[in-house]
Amino acid sequence: MTPRNIVILTGAGISAESGLATFRDKDGLWSKVRIEDVATPEAFARDPARVHAFYNARRAQIRDPAIAPNAAHLALAELDARWPGELLLVTQNVDDLHARAGSRRMVAMHGELAKARCLECEAVHPWVEDLSTATPCPACGKTGGMRPHIVWFGEMPMQMDRIGAALEACDLFVSIGTSGNVYPAAGFVAEVAGHARTLELNLEPSAGRSRFDEARHGPATRLVPDFVRALLA
């Protein structure tokens, strides 16, 4: 049966082929730095300079002209533009590659590297340069409160109500490039059980592979364009 309403979840695996480091592979970012030191509200309160240095380095990486959307990002943007039914792309990635590829019906549930948020006035700003404790907020002018617009461990992912409504209404759920270890995203496949077909597209079987109706394994730059072509045919 042809699906009508689609939810697509993407993880670090879709951006790895663009040259961005993953988090949970054996050589990923979390093997080089402790989560507790750079990715919690407590870490920011304790040592904001260290947290800023970590995210400044990652922000610099996405500014690198060599880092660009790959064939998988571009295929999903084409699906977004051409799919006549409901579609929501939910990404766990904080890079801007989906947006640069052209995806619009999208939620960045873990935040966005290319944005900064002020703890004083809560304004969110586009941001591609470095941040520091001396950076003033463009809205309120106060310093010391600008932080990466990133969901840290212990914080609630963004737009969960919108994601939940889309999961409830979908009849096709596709997970691309995810480890299957990070909740709540790892639980989405269970949430749609009984009313949606489920498909995993991953380099190798994820931790949640057994929950999917179907799985295809290989590079995202091959699997995702093939999937989109078949869906739009």
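The shown structure was predicted, so the numbers you read here are calculated from the model rather than taken from an experiment.

### What to know about the pattern of salt bridges
Moving on, step 1. Across all of its chains, the model carries ten salt bridges by this definition.
Moving on, step 2. In this structure, Arg82 engages Glu78 in a salt bridge whose closest nitrogen and oxygen atoms are separated by 2.8 Å. Here Arg82 pairs with Glu78, and both are found in helix α5 (residues 71-82), just four residues apart, close to one helical turn.
Moving on, step 3. Residue classification places Arg82 among the partly exposed positions, given a relative accessible area of 49%.
Moving on, step 4. Salt bridges linked by common partners bring Arg34, Asp37 and Arg50 together as one network.

### Remarks on the nonpolar core
Moving on, step 1. Counting residues in each nonpolar core, the largest one holds 22 residues, and the members touching the most others are Ile8, Leu76, Val174, Ile176, Leu201, Val224 and Phe227.
Moving on, step 2. Of all the secondary structure elements, the ones that give two or more residues to this core are β1 (6-10), α5, β2 (87-91), β7 (172-176), β8 (197-202) and α9 (220-232).
Moving on, step 3. Examining the composition of this core, we find that six residues originate from one element, α9, more than from any other.

### Overview of unusual backbone geometry
Moving on, step 1. A cis amide bond links Tyr183 to the next residue, Pro184, at an omega of 10 degrees.
Moving on, step 2. Relative to the elements of secondary structure, Pro184 occurs in the loop between β7 and α8 (188-191).
Moving on, step 3. Of note in the backbone geometry, Glu122 takes a positive phi value of approximately 70 degrees without being a glycine.
Moving on, step 4. Here Glu122 is to be found in the loop between β4 (111-118) and β5 (124-126).
Moving on, step 5. The backbone of Gln159 shows a phi angle near 55 degrees, a positive value even though the residue is not glycine.
Moving on, step 6. Its relative accessible area of 43% is what places Gln159 among the partly exposed residues.

### Re the UniProt feature "active site" (unreviewed entry) in the chain
Moving on, step 1. The sites that carry the UniProt feature "active site" (unreviewed entry) are, in the present numbering, His110.
Moving on, step 2. Mapped onto the fold, His110 is located in the loop between β3 (106-108) and β4.
Moving on, step 3. Note on His110: relative accessible area 14%, which makes it buried.
Moving on, step 4. In this view, His110 contacts Thr91, Gln92, Val94, Ile150, Val151, Pro157 and Val182; residues no more than four positions away in its chain are not counted.

### Topic: helix α7 (residues 160-169)
Moving on, step 1. Buried within α7 we find Ile163, Ala166 and Leu167. For α7, the angular spread of the buried residues around the axis is 100 degrees, confining them to a single face. Counted as exposed and oriented over 90 degrees from the buried face of α7: Asp161 and Glu168.
Moving on, step 2. Contacts made by the buried residues of α7 are with β1, β2, β3, β7 and α8.

### A closer look at the domain arrangement of the chain
Moving on, step 1. What the domain assignment reports for the chain is domain 1 (1-19 + 68-110 + 157-232) and domain 2 (21-66 + 112-150).
Moving on, step 2. Centre-to-centre separation of domain 1 and domain 2, based on C-alpha positions: 25 Å.
Moving on, step 3. Taken together, the contact pairs 14 residues of domain 1 with twelve residues of domain 2.
Moving on, step 4. For the pairing of domain 1 and domain 2, the buried interface totals around 1,000 Å² over both sides, and the portion due to carbon and sulfur atoms is 61%.
Moving on, step 5. Inspection of the domain 1/domain 2 interface yields zero salt bridges.
Moving on, step 6. Applying the counting criterion to the domain 1 and domain 2 interface returns three residue pairs in polar contact (both at pLDDT 80 or more).

How each quantity is defined
Residues numbered from 1 in each chain as written. Predicted model: local features only at pLDDT ≥ 70, side-chain atom pairs only at ≥ 80, totals over all residues. Heavy atoms only, no water. Salt bridge = Lys/Arg side-chain N within 4 Å of Asp/Glu carboxyl O. Helix = DSSP H or I, 4+ residues; strand = E, 2+ residues; numbered from the N terminus. Buried < 20%, exposed > 50% of the residue type's maximum accessible area, 1.4 Å probe, protein only. Core = buried A, V, L, I, M, F, W, Y, C linked by side-chain atoms within 4.5 Å. UniProt positions renumbered as here; feature names shortened; annotations may be inferred. Contact = heavy atoms within 4.5 Å. Arc of directions from axis to C-beta. Domains from an automatic or database assignment. Buried area = accessible area lost by both parts, 1.4 Å probe. Polar contact = N/O pair within 3.5 Å; in protein donor to acceptor, adjacent residues only side chain to side chain.

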